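What follows is each chain in one-letter form.
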Amino acid sequence: MSLPAFKLLRPRTVADAIEFLAKYSRDEVQDKERQSPGHLRIIAGGTDLIPSMRQRLFEPQCVLDIRHIAELKGIEPQQDCGISIGALTTLSAVEHSTVLQERFSVLSAAAATVASPVIRNMATIGGNICLDTRCLWYNQSLTWRKACGYCIKKDGDLCHVAPGGTKCWAAFSGDTPPALLCLSAEIEIAGPSGLRRMPLSDFYTGLGDSYRVLKSNELLTRIFLPAESAGYRGVYRKLRIRGSIDYPLAEVAAALKRENGHEKEGRVAITAVNPSPMLVKGAAQMLQGKRIDEVLASAIGDLAAKTAKPLTTSALTPEYRREMIRVFTRRALLDATKN
Ligand SMILES: Cc1cc2nc3c(=O)[nH]c(=O)nc-3n(C[C@H](O)[C@H](O)[C@H](O)COP(=O)(O)OP(=O)(O)OC[C@H]3O[C@@H](n4cnc5c(N)ncnc54)[C@H](O)[C@@H]3O)c2cc1C
Ligand code: SF4
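Residues numbered from 1 in each chain as written. Chains lettered and ligands numbered in written order. Predicted model: local features only at pLDDT ≥ 70, side-chain atom pairs only at ≥ 80, totals over all residues.

Caption draft 1: Just the overall build of the protein chain, in detail. The number of helices and strands found in the protein chain is twelve helices and twelve strands. Compactness check: the protein chain gives a C-alpha radius of gyration of 20 Å against a globular reference of 20 Å for 339 residues, within 12% of the reference. With respect to the three principal axes, the spread of C-alpha positions in the protein chain is 65 × 50 × 35 Å. Partitioning the contacts of the protein chain with sequence separation of at least 6, the portion at a separation of at least 24 is 65%. (Helix = DSSP H or I, 4+ residues; strand = E, 2+ residues; numbered from the N terminus. Rg over C-alpha atoms; globule rule 2.2 N^0.38 Å. Contact = placed C-beta atoms within 7 Å.)

Caption draft 2: Focus on the sheet that holds strand β10 (residues 250-259). Reading across from one edge, β9-β10-β11-β12 is the order of the four strands in this open sheet, with antiparallel pairing throughout. Sheet topology places β9 (233-239) and β12 (278-279) at the edges, where each strand pairs with a single neighbour. Summarising the sheet, β10 and strand β11 (residues 262-271) pair through nine bridges and their orientation is antiparallel. When the bridges of β11 are listed, Val252 appears paired with Ile270. Strands in contact with helix α12 (residues 318-338) are β9, β10 and β11; relative to β10, the strand with the most contacts, it is inclined by about 25 degrees. (Pairing = 2+ DSSP bridges. Axes fitted to C-alpha atoms, helices over the stretch in contact; angles between N-to-C directions.)

Caption draft 3: Structural view of the domain arrangement of the protein chain. Partitioning the protein chain into domains gives domain 1 (72-129 + 172-228) and domain 2 (233-336). If you average the C-alpha positions of domain 1 and of domain 2, the two centres end up 20 Å apart. In this assembly, 24 residues from domain 1 lie in contact with 21 residues from domain 2. Elements with a minimum of two residues in the side of domain 1 that touches domain 2: α5 (105-111) and α9 (176-182). Among the elements that take part in the side of domain 1 that touches domain 2, α9 stands out by supplying five residues, more than any other. Of the residues in the side of domain 1 that touches domain 2, the class split is 14 nonpolar, nine polar and one charged. (Domains from an automatic or database assignment. Nonpolar A, V, L, I, M, F, W, Y, C, P; charged D, E, K, R; others polar.)

Caption draft 4: Looking closely at the site of ligand 1. As a structural note, the neighbourhood of ligand 1 is formed by 35 residues, with Gly45, Ala123, Gly127, Asn128 and Cys130 the closest of them. Elements with a minimum of two residues in the shell around ligand 1: β2 (40-43), α2 (49-54), α6 (117-122), α7 (125-129) and β8 (219-225). Tallied by class, the residues present in the shell around ligand 1 amount to 21 nonpolar, nine polar and five charged. Counting contributing residues per domain, the shell around ligand 1 is built from domain 1 (72-129 + 172-228) and domain 2 (233-336), each supplying no fewer than three. (Near = placed C-beta within 6 Å.)

Caption draft 5: Representation of the sheet that holds strand β1 (residues 7-9). The strand order β1-β3-β2 describes an open sheet built from three strands, whose pairing is parallel. Edge strands, defined here as strands with exactly one partner in the open sheet, are β1 and β2. Averaged over all adjacent pairs, the angle separating strand axes in this sheet is 25 degrees, with direction ignored. Across three bridges, β1 lies against strand β3 (residues 62-65) in parallel orientation. Residue pairing across strands places Leu9 opposite Leu64, the latter belonging to β3. Seen against the sheet, helix α1 (residues 14-24) touches β1, β2 and β3 and runs at an angle of roughly 170 degrees to β3.

Caption draft 6: The arrangement of the site of ligand 2 in detail. In the vicinity of ligand 2, 14 residues are found, and the nearest of them are Cys135, Tyr138, Cys151, Cys159 and Cys168. Taken together, the residues of the shell around ligand 2 break down into ten nonpolar, three polar and one charged.

Caption draft 7: Inspection of helix α11 (residues 294-307) at higher detail. Taking 1.5 Å per residue as the helical rise, α11 with its 14 residues ought to reach 20 Å, and the 20 Å between its terminal C-alpha atoms agrees with that figure. Among the residues of α11, those classed as buried are Ala297, Ile300, Gly301, Ala304, Ala305 and Thr307. Looking straight down α11, one finds that the buried residues subtend no more than 150 degrees of arc, so they occupy a single side. Contacts from the buried residues of α11 go to β10, β11, β12, α10 (283-287) and α12. (Expected span 1.5 Å × (residues − 1). Buried ≥ 20, exposed ≤ 12 C-beta atoms within 10 Å, placed from the backbone. Arc of directions from axis to C-beta.)

Caption draft 8: Main features of the nonpolar core. In terms of nonpolar packing, the biggest core is built from 99 residues, with Leu64, Val106, Leu107, Leu183, Ala253, Ala254 and Ile325 touching the most fellow members. Taken together, domain 1 (72-129 + 172-228) and domain 2 (233-336) each give at least three residues to this core, which thus spans both. Beyond its immediate stretch of four places on either side in the chain, Leu183 contacts Phe104, Val106, Leu107, Leu225, Ser229, Tyr232 and Ala255. (Core = buried A, V, L, I, M, F, W, Y, C linked by C-beta atoms within 7 Å.)

Caption draft 9: Structural view of the environment of Ala336. Structurally, the position occupied by Ala336 is in helix α12. Here the alpha-carbon distance between Ala336 and Tyr211, two residues 125 residues apart in the chain, equals 30 Å. Discounting chain neighbours no more than four positions away, the residues touching Ala336 are Arg233, Gly234, Val235, Ala254 and Leu256.

Caption draft 10: Representation of unusual backbone geometry in the model. Phi at Cys81 takes a positive value of approximately 75 degrees, unusual for a residue other than glycine. Among the structural elements, Cys81 can be located in the loop between β4 (75-77) and β5 (83-86).

Caption draft 11: Region of the structure containing the pairing of β9. β9 sits mainly inside the fold: six of its seven residues count as buried. Bridging between β9 and β10 involves seven bridges; their strand directions are antiparallel. Paired with Arg237 across the strands is Val252, a residue of β10.

Caption draft 12: Up close: the environment of Ser201. Here Ser201 is to be found in the loop between β7 (194-199) and β8. By the C-beta count within 10 Å, which is 17 here, Ser201 ends up partly exposed. On a C-alpha basis, the gap between Ser201 and Glu186 in space is 8.2 Å, while along the polypeptide they are 15 residues apart.

The structure is reproduced here in structure tokens:
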């Protein structure tokens, strides 16, 4: 499938990128023609965007190629002993970074499971955080979608997954966000009025068709890992059809910090079973000050399974994916105690 025609914009700095966004994104321009939805798309590694454009999921008139913005690349220690990761840092760099492997191991482990080594050499952590949600009814060719009828996500009024509902349930399938949520990561966003910083947990909306709070004239620039999150023992578990290359179908990240043989703190997050990656609410309280055994790990597994709302947006049945969230959570917590 060929790509639709588009105008390519190539900024060299964040300031240039913001200027392009201000000029061409749909919120900012007066020109009627430019106000059509999906007028501009940002491309980083392009590993998700290009296949989607080939499928005509969107046909932007402009593509903002941010790959040449040097200031958005790299992993840098901060004065407060935290870490800053540029949005354009590749997933290979995150996977192989010694400092991340030693201090924030759950993130390197999660990055190492994305797609395949070749894709991870191009794919960026910013693109993984901003990844479009996926659905079996939506991620299809134009001909296929036309034959089945457009759904809510593509300006239609029906949902094949939850008929009668008004919400899109397309699943968020990025691998690194649950690990980042366990590490209390914050993100920096650049826009016409400067930089703003927010917890990653506030970035996602829980709606499949408008899954993130990024405005059309904004750009994700950096990810911050706080010093307090260093040294967690982390475990990552992923369900996919082909072990060598595939999006997740159910996934759990667990991170624990121990003191005197008990868990001082612990967090569990899930992805690929809801329109957003999510921290499992209540897990941190259940883990605090406890020694993890089968009973506690199973109870938190039950909680994670209740948090998961898998539907028929993805391959494998919702029942099986929910059950694997339960099983992976239990196993991840027990494995994390051995690290
Ligand atoms: C065969 C295959 C298997 C895959 N398997 C997995 C998998 O197992 N796990 C997984 O998580 N992903 C998987 N992916 C998807 C993809 O490779 C990764 O999610 C990757 O991290 C996306 O990063 P990218 O830089 O290529 O993003 P792009 O494709 O360039 O962009 C993705 C989205 O993010 C937006 N975007 C990118 N950077 C920014 C920014 N800085 N600010 C604002 N918006 C931005 C783009 O506009 C676009 O909407 C797979 C893809 C393929 C083709
Ligand atoms: S969940 Fe429903 S509305 Fe959303 S993409 Fe799938 S079929 Fe369309």
